[in-house]
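Commentary on secondary and tertiary structure
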Amino acid sequence: MELVFATHNPHKTIEVQEIAGAHLQIKNLKDLGCFDEIPETSDTLAGNALQKARYVYERYHVNCFADDTGLEVDALDGRPGVYSARFAGEHCSYQDNVDKLLREMQGKTNRKACFKTVVALILEGKEYLFEGRVDGVITENARGNAGFGYDPVFQPDGFDATFAELGEDVKNSISHRGRSMRKMLDFLK
């Protein structure tokens, strides 16, 4: 089966293909020839995921899915949340976001956080939502070189390493995106 992932992010495409395995072929927006900036104007992860999936389905008439992920930090009242990808500004880098997060966390003793991903699947015109969550803490310093985004500063509960130190196999088996994707994959079986 082939599904289009409504993303321009090559890191996310690779991660999701690794989770999906060989029985599902994941294409992304570049594979469709779509270079549009898809709006994300909802104030919820589910709303943004649905908005992106609907955009692709309405224009290309293909079975597709989209996700939206947010890092929610207790000491920051749930921020950056739905604004995680642009926490440091509209055209910021992953490093800019990590730097801003670490600055805002200086001196905070409560370092609890969670990652959430909501996947919106549109299959033959019907919409489905799948959510994944992983709890952990924000580390004092960035550690590790794998992954992307906030991976170097997020340490999942039950581990002494950040997502960026765990390696892709371990990360994908416990991550928020992995959990939401496995729910979608179980549904598709």
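Residues numbered from 1 in each chain as written. Predicted model: local features only at pLDDT ≥ 70, side-chain atom pairs only at ≥ 80, totals over all residues. Heavy atoms only, no water.

With respect to the overall build of the chain
Within the chain, the regular secondary structure consists of 7 helices and 7 strands. When the helices and strands of the chain are read in sequence order from the N terminus, they spell out β-α-β-α-α-β-β-α-β-β-β-α-α-α. Computed over the C-alpha atoms, the radius of gyration of the chain is 16 Å, within 12% of the 16 Å expected from 2.2 N^0.38 for a compact globule of 189 residues. Structurally, the chain occupies a C-alpha span of about 50 × 30 × 25 Å along its principal axes. (Helix = DSSP H or I, 4+ residues; strand = E, 2+ residues; numbered from the N terminus. Rg over C-alpha atoms; globule rule 2.2 N^0.38 Å.)

Here we look at the state of the cysteines
Using the criterion set out here, one finds 0 disulfides in the structure. Unpaired in terms of disulfides, Cys-92 finds its nearest cysteine sulfur in Cys-114, a separation of 20 Å. (Disulfide = S-S within 2.5 Å.)

Notes on the pairing of strand β2 (residues 25-28)
Only one face of β2 is covered, namely the face carrying Ile-26 and Asn-28; the face carrying Gln-25 and Lys-27 is uncovered. As paired elements, strand β1 (residues 2-5) and β2 share 4 bridges and run parallel to each other. If you follow Val-4 over to β2, its bridge partner there is Lys-27. One crossover worth recording links β1 to the parallel β2 by way of helix α1 (residues 10-20), and it is right-handed. (Buried < 20%, exposed > 50% of the residue type's maximum accessible area, 1.4 Å probe, protein only. Pairing = 2+ DSSP bridges. Right-handed = clockwise from strand over helix to strand, strands pointing away.)

Observations regarding the nonpolar core
Leu-71, Val-73, Leu-101, Ile-138, Tyr-150 and Phe-154 are the most contacted members of the largest nonpolar core, which totals 19 residues. Secondary-structure elements contributing two or more residues to this core are β3 (64-73), α4 (94-105), β5 (112-123), β6 (126-138) and α5 (163-166). The element that contributes the greatest number of residues to this core is α4, accounting for 4 residues. Other than its neighbours up to four places away in sequence, Phe-154 contacts Leu-71, Ala-113, Cys-114, Phe-115, Val-134, Asp-135, Gly-136, Val-137, Ile-138, Thr-162 and Phe-163. (Core = buried A, V, L, I, M, F, W, Y, C linked by side-chain atoms within 4.5 Å. Contact = heavy atoms within 4.5 Å.)

Observations regarding the environment of Asp-96
Tracing the chain through its elements places Asp-96 in helix α4. For Asp-96, a relative accessible area of 36% gives the class partly exposed.

Details of helix α3 (residues 45-60)
Here α3 spans 23 Å end to end across 16 residues, near enough to the 22 Å set by a 1.5 Å rise per residue. For α3, the N-terminal cap is Thr-44; the gap from its side-chain oxygen to the backbone nitrogen of Gly-47 is 2.9 Å. Directly beyond the C-terminal end of α3, a positive phi value near 55 degrees is found at His-61. (Expected span 1.5 Å × (residues − 1). Polar contact = N/O pair within 3.5 Å; in protein donor to acceptor, adjacent residues only side chain to side chain.)

Quick word on the pairing of β3
Counting buried positions along β3 yields 9 of 10 residues, so the element is predominantly enclosed. With 2 bridges connecting them, β1 and β3 associate as parallel partners. Counted as the bridge partner of Phe-5 is Phe-65 from β3. Two strands pair when backbone bridges link them, and β3 and strand β4 (residues 80-81) are joined in this way by 2 bridges, in the antiparallel orientation.

Quick word on the packing of aromatic side chains
Overall, the coordinates contain 8 aromatic pairs when judged by the stated rule. An angle of 50 degrees between the planes, with centres 5.6 Å apart, marks the rings of Phe-130 and Phe-187 as tilted. Of this pair, Phe-130 sits in strand β6 while Phe-187 sits in helix α7 (residues 176-188), and the two are 57 residues apart along the sequence. Look at Phe-130 and you get buried, because its relative accessible area is 11%. By relative accessible area, which is 37% here, Phe-187 ends up partly exposed. Grouping aromatic residues by their ring pairs yields a cluster made of Phe-115, Tyr-150, Phe-154 and Phe-163. The ring of Tyr-55 carries Arg-59 above its face, with NZ or CZ at 3.6 Å from the centroid. Residue placement shows Lys-100 over the ring face of Phe-87; its charged tip is 4.6 Å from the ring centre. (Phe/Tyr/Trp six-rings, centres within 6.5 Å; stacked < 30°, edge-to-face > 60°. Lys NZ or Arg CZ within 6 Å of the ring centre and 35° of its normal.)

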